[in-house]
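Observations on the three-dimensional arrangement
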Amino acid sequence: MQTSLLSFFTRTPKGSPQQPKGSPKTPLGSKVSNGKGDQNSPLSSKSANAKVGANPKYPPGSLVWSKLQGYPWWPSLVCDHPTEKRSFRKQELHVQFFDDPITRAWVNIDLIKPFNEKVGRGEGADQTWDKGLKDAEKVAELSNEERLDLLLVQHLPSDDEWEEEVEEEVSPGSKENKPEGEPVKKRRRIIELDSDDSGDDETFNPTKKDLQELEEEDHVTSDEDEAESEPEPSSEDGSPVKSGIKRKRKENSGPKKKPNLIKPVSTPVSKFAKMMAGGSSTPGLSSLSPSIFGSKSDSSPLPSVGESTKKKLAMFGATAPEPEDDVKSFKHTELPFLRPENIRDADGRKKTDPDYNPRTLKVPDSFLKDQSPGQRQWWELKSKLFDVVLFFKMGKFYELFHMDADIGVAELNIIYMRGDVAHAGFPEIAYGRYAATLVEKGYKVARIEQTETPADLEERSKNAPRGVKVDKVVRREVCQMSSKGTRVNNYLDSDNFEGDPRYLLAICENSGATPTFGVAFVDTTIGIFHLGQFSDDKNLSRLRTLTAHFPPAEILFEKGGLSNTTTTFLTSSLPGARREGLKRGSEFWESDKTLNVLVEKEYFTGEGDEMVWPEALQEFIDCSDSKVAHAVSSGELAVRALGAIVWYLSAGYLDQELLSLKKFEGYVPVDFSVPPPAEKIKTGPTGKYMVLDGITIRNLDLVSGPTGDTEGTLLSRLDTCLTAMGKRTLRHWVVTPLLQPSAIKQRQTAVKELMQLGEAGEIRTQLKKVPDLERLLSKIHTAGDMKRNQSHPDSRAVMFDGNVYSKRKIMDLLICLDGFKKSMEIMSLLQGKEFESKVLKNITQFESDGGEFPDMSELLQFFDNAFDHNSARKEGKIIPSEGVDSDLDSANQELKQIKKEMDVYLKEQKTHFGCEVKYWGTGKNRYQLEIPVERVKKAGEEYTLASGTKKVKRYVTEETKEFLLRQQAGEACKEAALQDIQRKMFFQFSKHANILRKAIGCISLLDSLLGLAGYSSSLETSCFPEISEDASQSIDIKEGSHPCLDLKGEAFIPNDTLLGGDRTLIILTGPNMGGKSTLMRQTGLLVILAQIGCQVPASEMTLTPVDRIFTRLGAQDNIIGGESTFLVEMQETSTILQHASQHSLVLIDELGRGTATYDGTAIAGAVVTALAKRGCRTLFATHYHSLDLEQTKNVFSAHMACMVENEGHEDITQETITFLYKLVDGPCPKSHGFNAAKLAGLPDSIIRRGFAKALEFEENEKKNRSV
C-alpha cells in the first residue's frame, strides 16, 4: 500500500488552537453531522455528480471495500488522486484506505465492493484493520461530501526532522556532500513543540480548527508574506536542502477565503522504475527505451502551491515548494553515461554483449572526481548495484537519489526535494513499510547503513598516515538486500510477516529426451531448505506440480541453461514470480564449489562445535563425515541449485542467518511411489499422498492463484485455523491429500473426536493468542547468532532508533515465550483425555506419557526467571538474574568481594584515626580516604596526600590504589558481559530449537484438525465418507453438493454420482449452462475432501482411494508460450494418457472443440475408448452427441436435465429452457445452444437466422447418411 506523508509528523506545534468544547470532533473520532447519506449513492452536489473522471457507481466520498494483492479486503474511501484530480481511470478507482498511517492506491474496479456488502475478516487482518473498520462505520451515515470534507488527507512533503544541525544534515546540501575545501555554513532550525519528538511512527493530524484559522489568513498578499517570512538560505551550490520557514502570525485576519488546493505534482511511473521491477529474465536494463534518461518529460516538476497551503505546510515544519512554470529536468537525466546507447557494465561491456552484467554500471572516473564526498560514495555503490534501489542512510533518514528517487516518487507517494538533483527520503523508522512496498512491486532494495559516526570519522582522519587523503564522509555499507524471494522478518519491521509461504527457487536443468531437474527452494522467513533432483516428462508435469505446491516468489536459473520449454513455462505460468538469471560458475556454482563454500564459511559449525553436515544434505553427497565432500551423481544438479541459492543469499547478506539454522529437507515428487515389500504387495495404489498437479490445482481452485486471492477456493472454505502454522499445514493437506485408507481413517477419527470435544471452544480461544512461532524462532536465532553479530555489517551500523529495535528484539523473545506458554496451557486442557485417534494421542500427550509433545515447563520457567521481563520491555535491555550468565556472575562476585574488603579496610581506618573516615572521589580518583584536619597527624608515610580542603584532607594508600585497579577491572568485565548478554540470551533460547519445533509441529496439527472439525460442523448435510479397500474402483456419492457453493441460506441442488463397476466412464451431455462443469468440479472436490479426512457435503459417500486427479477443464491459450487453445488442450490430454491409472479420477470437459468438428469428434472418441480400456474413473463432458452412440464396455451415458417450454415452436426465440441441474441417465438429444445465445443478448434476428442454418445442416447430414 502507499503511505501518506503525514505519518512522519508526530507532534502538534506549540500554540495550535485547541478544539472548542462542543465542536465536532476529529474525523475518525465520532459522527460529525446528522446528515444522512448512502455510501454508494451519488454525491448530493450536482457538480460532483457531473464530475469528469468519476465512476457513477462509486463517486468520490463513497465508502467501499477494496483489495490489494497480499492484503485482505480493506475499508476505503473513494477520492480524487491528488495530482490527476480524478478518482477513476482505465478500470481503476483511487481510494484512501482507513489505515494507520493513512495510505492511498489505485485499485482495479473488479477488486472494489460496496461497503454495505458483507466481507469476512480475511487473512492478514490485524488490529489496524479492526480500527479502520470501526472508523469507517462511524462515518457510514454521513453524506459523500461530508466524508470527503472530514477524512480526505492531502499529501504533504516528508520532513519530521524538527531540529537538526549541519552534522546531521541528510540532503545533498549536507556537510559530506559539499565540495571539498568549501567552508560550511552552520544552520539551525527550531520549531517549538509542546513535547519532545519521540521519533515514533505515529500520525500527526491537525484538527479542522487548526487548518481553518490558517485559511482565514489568506487575505494577506504574497508581498506581505514575503516580508513577514524568514526563509532560510539555500546551500551555496544550489543542492536541494531540507529547510523550514519561520512564519509570523497577524493578530487580525481578514474575511474568510477558500483555500487554494495543491497543484498537481507530476509523478508518472518512471521508465527506470518499470525497468527495475521484476519479471524479466535479465533484470536491469532489458526494457529500457531510447528516451529513458535523455527525455526531459521523464522528470517531474516541483509542486506549485497556494498561499493557504504554504501556511499549512508551515505547521509541519516543511517548506512550501517554489512555483515553476516549466517542467524541471534533473541532472541524472542528462548524464551521457546513463543514456541507453552508452550504458555499460562495470567491465565496459555494452548491453548487446552476451556477457553484459545488468547488475553493474560503468561510472566514469572523471565524473566521480567532480562529485561531493557523499555523492561519490553513492555513485560507487550504485555502480555495483545498478539494478537495486538504494535506501541510503544519512543521519536518521533513508535517502533516495537520482533514478532511485524517481522510483520512490512514482511508487511510494513521497515527494522530490528542491534542487536539480532528484532526491527524496523518509525516516529510518518507516523502512520496513517502504521496503516491503517496493519489494512487492518487483524491485530489489538495498539497505545502506552508516557504519561510522562523525566522531569516528574525525578520529580516523587524525590517525591517517601523512600524505594519505581521507574522504570526508562517514563509512557506509550494504547491510541487507531484499527481493520478492528473500524477505525476512528483522528488527526494522514493525510487524512480523505471517502470510502464506513464499519461496526462493533455484532450478538447474539437464536437457535430453526426458529433462532432469535439480531444484532447491527456501522460505526465507522460516529458513528450511528443500533439495531435490528428478526426471520429468515433455509437459513438465512434476515441475508444474512442484511450483503449485511450493509457489515461488522468485526464481534463480542459469543463463542459457534452461530449455525453451522450461523457459516458456516459467514465463507464462508463473507471471508473478521474479526471475533472475545467474552466470554459470561465478554465480550459479558447480557442485564442488558449493560444498567447499559451505565448509569454508563454517555455516554448520556452532559455538565450539565441530562441523557436521545436516542429515538431509548427506543424502546428496559422499564422504559426508569429512570436510572434503563431492556430490553424488543422483544429486549433482540439486547441489548446484543449492549453490545458486547460497550465492544469492550471500549477495543479500542473509546466508549466515539462514544456513546456520541447519534445517534441510529432501524433496521427492509426489508421484514417486516406492514399491512395497513383496510380501505386502496389494492391488491398491502405492505412495502416501494423492497427486494433484499444477493444472488440477488451478482448474479446481484449490488454493490461491498467482494473484494471491483465495476467494472462492477450497482452502478459503476449509480454513478456520487460528495460527499461521496451522494455516500452512492445512494448505499442505489440501494440495497433498492422503492416499492410504488407514491414514485417511485415522484422520477421520481425529476430526470426529474434536467435533465432539467439549473443550474445543476454549482451545480455539487460546490458539488465537499463539503467534507465528516458527517464524519467530528463526528471527530469534538470527539475533542470537554469534558469527553474524561479530561479522555482519549490521553489527557496525549506527541506528538512530537503536533502543526501539532493541525493544523489538526483546519483545520477539517475550512473545515467543508467551506463545509456548499458551501451547502448554492448551495441551494441559487435553491431559487425561482418552482419545481413540492415534494422531490425537501423539500430538496432545507429553513425551513422558508416550506422546510427542515436549514438556517445556523447566525451559519456560528458566527464561521466566532469567531476567526481569517488565524491565526489559521498558528499558530495551536484558539484565540477567544471578546464575544465568557465568561471566556476569563472576564479575559481580568479584565486585562484591572488593566491596567487602573495602568495608573491612575502612573500618580499620576509622579505628586507627579514631574518627569518621569515608571514601571520596569519582572515576579514576575514587577511594581516597577523607580525614578531618585535626586527625591527620596519625597519617604516616604510607599515606599519600591526594587532595583536600580547609576542613578535610584526602589520602591514598597502596591498599586503596589496589582496590581501584581491581574495581575498574571488575567493572570492565561486567560491562563486557552485559554488552553480549542479550545475544547470549537469544542464543540460549535458540539452542532448544529442536524441542521447540516439536511443540510447533504438534500445535500446527491440532489447529489444522480443529479447522477441519470446524468446517465439518458447519455443513447442514454431511457425512464421513466410507473408505473402501476393495479391488473394485468406485466413487458413490448420494446427495452431494459443491463444497464451495453449499453455503447456509444458498439454494444448491444436490446430485447423486456413481462411477465404478460397469460405468467407470460417464459421457456427460446436456444443455449449455446446465451444470456439467459444476458437477465435475464437485466430484473432484468431494474426493479431495474425503481423502483429506473430513466430512463432505453429501448424505452418503463411498470411495476407493484415488491416486491422482486429472482435469481438462475450461478453454485457455498460452500466448506468451505461443500455444493455441487446442494445443493446450492436447498437452493436458497427453499428460492424462501418459500417467492415468485404474486408480485415477479423470475430469474432461469438451475435448476437441478447438478444431474442426470431425477432427474434434474423432479425437474425443479415441480418448474415450483409451480411458475406458484403462479403467480409470472418468467424467467426460461433451456436446458431440455422436459419442453417446459408441458401444464401448464400461461407458455409460448421462445428462443434466432441463425442462423445455414451447419446444418445436417455429420461432426459436420463443423456446424457453428451465435448468433442473439434476444428473439423470441417458444422453441428451440437444445442447440448446440457441438458448445460451438468447441469454447472452444476441439479437433475435441473428438467433433465427442461426436456427434456420442449423436445420439446413441437419437436413444435409441426413441426406448424406442415407446415401
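Before going into details, it helps to say that this report is about the structure given with it.

With that settled, the discussion passes to the overall build of the chain. Regarding its fold elements, the chain presents 38 helices and 36 strands. Counting the 1267 residues in the chain, one finds 53% classified as buried. Contacts in the chain between residues at least 24 apart in sequence constitute 72% of all its contacts with a sequence separation of at least 6. Looking at the chain as shown, the accessible area adds up to about 56,900 Å², and 49% of this sits on carbon and sulfur atoms.

Pairing in this open sheet of six strands is mixed, and the strands run β18-β17-β14-β15-β16-β21 from one edge to the other. One side of each edge strand has no neighbouring strand; the edge strands of this open sheet are β18 (578-582) and β21 (664-666). Averaged over all pairs of adjacent strands, the angle between strand axes in this sheet comes to 20°, irrespective of strand direction. The sheet contact formed by strand β14 (residues 503-510) and strand β15 (residues 516-522) spans seven bridges and is antiparallel. Across the sheet, the residue bridging to Leu505 is Phe521, located in β15. Across the sheet, helix α13 (residues 541-549) is in contact with β14, β15, β16 (529-535) and β17 (552-558); its angle to β16 comes to roughly 160°. Most of the contacts of helix α14 (residues 564-573) go to β14, to which it runs at about 160°, and overall it touches β14, β15, β17 and β18.

Taking 1.5 Å as the rise per residue, helix α31 (residues 958-979) with 22 residues should run 32 Å; its terminal C-alpha atoms sit 32 Å apart, in good agreement. Burial in α31 covers these residues: Thr960, Phe963, Leu964, Gln967, Gly970 and Ala977. Taken down its axis, α31 places every buried residue within 155° of arc, on the same side. Exposed and facing more than 90 degrees away from the buried side of α31 are Glu958, Leu965 and Gln979. Here the buried face of α31 lies against α30 (886-913), β23 (918-920), β24 (928-932), β26 (952-956) and α32 (981-990).

Turning next to a negative patch on the surface. On the surface, Glu908, Glu941, Glu942, Glu959 and Glu962 cluster together into a patch of negative charge. On the secondary structure map, Glu941 appears in the loop between β24 and β25 (944-948). Assessed through its relative accessible area of 82%, Glu941 is described here as exposed.

Among the nonpolar cores identified, the biggest contains 103 residues, and Leu702, Phe820, Phe989, Leu1006 and Ile1109 are the most heavily contacted of them. For this core, the element with the most residues is helix α33 (residues 993-1018), which contributes 12 residues. Those residues within four positions of Leu1006 in sequence are excluded, and the remaining contacts are Leu754, Ile763, Ile826, Met827, Leu830, Leu840 and Ile843.

To continue, consider the packing of aromatic side chains. On inspection of all chains with the given rule, the structure shows 36 aromatic pairs. Ring geometry for Tyr491 and Tyr805: centres 5.3 Å apart, planes at 55°, overall tilted. Highlighted residues: Tyr491 in the loop between β13 (476-482) and β14 and Tyr805 in helix α26 (residues 802-829), separated in sequence by 314 residues. Their ring planes at 75° and their centres at 5.4 Å tell us that Phe913 and Tyr943 sit as a pair that is edge-to-face. Of the two residues, Phe913 is situated in helix α30 and Tyr943 in the loop between β24 and β25; the sequence distance between them amounts to 30 residues. Overall, the relative accessible area of 10% leaves Tyr943 in the buried class. An aromatic cluster is present here, built from Phe337, Phe367, Trp378, Trp379, Phe392 and Phe401 joined pairwise through their rings. Sitting over the face of the ring of Trp73, Lys113 holds its NZ or CZ atom 4.4 Å from the ring centroid. The residue whose ring lies beneath Arg954 is Trp920, and the NZ or CZ to ring-centre distance is 3.7 Å.

Reading guide: rules and limits
Residues numbered from 1 in each chain as written. Predicted model: local features only at pLDDT ≥ 70, side-chain atom pairs only at ≥ 80, totals over all residues. Heavy atoms only, no water. Helix = DSSP H or I, 4+ residues; strand = E, 2+ residues; numbered from the N terminus. Buried < 20%, exposed > 50% of the residue type's maximum accessible area, 1.4 Å probe, protein only. Contact = heavy atoms within 4.5 Å. Areas by Shrake-Rupley, 256 points an atom, 1.4 Å probe, with all protein chains shown as cover. Pairing = 2+ DSSP bridges. Axes fitted to C-alpha atoms, helices over the stretch in contact; angles between N-to-C directions. Expected span 1.5 Å × (residues − 1). Arc of directions from axis to C-beta. Patch = residues over 30% accessible without salt bridge, like charges linked within 9 Å, V, L, I, M, F, W, Y side chains within 5 Å. Salt bridge = Lys/Arg side-chain N within 4 Å of Asp/Glu carboxyl O. Lys, Arg positive; Asp, Glu negative; His and termini not counted. Charge placed at Lys NZ, Arg CZ, Asp CG, Glu CD. Core = buried A, V, L, I, M, F, W, Y, C linked by side-chain atoms within 4.5 Å. Phe/Tyr/Trp six-rings, centres within 6.5 Å; stacked < 30°, edge-to-face > 60°. Lys NZ or Arg CZ within 6 Å of the ring centre and 35° of its normal.

By themselves these figures say nothing about function.
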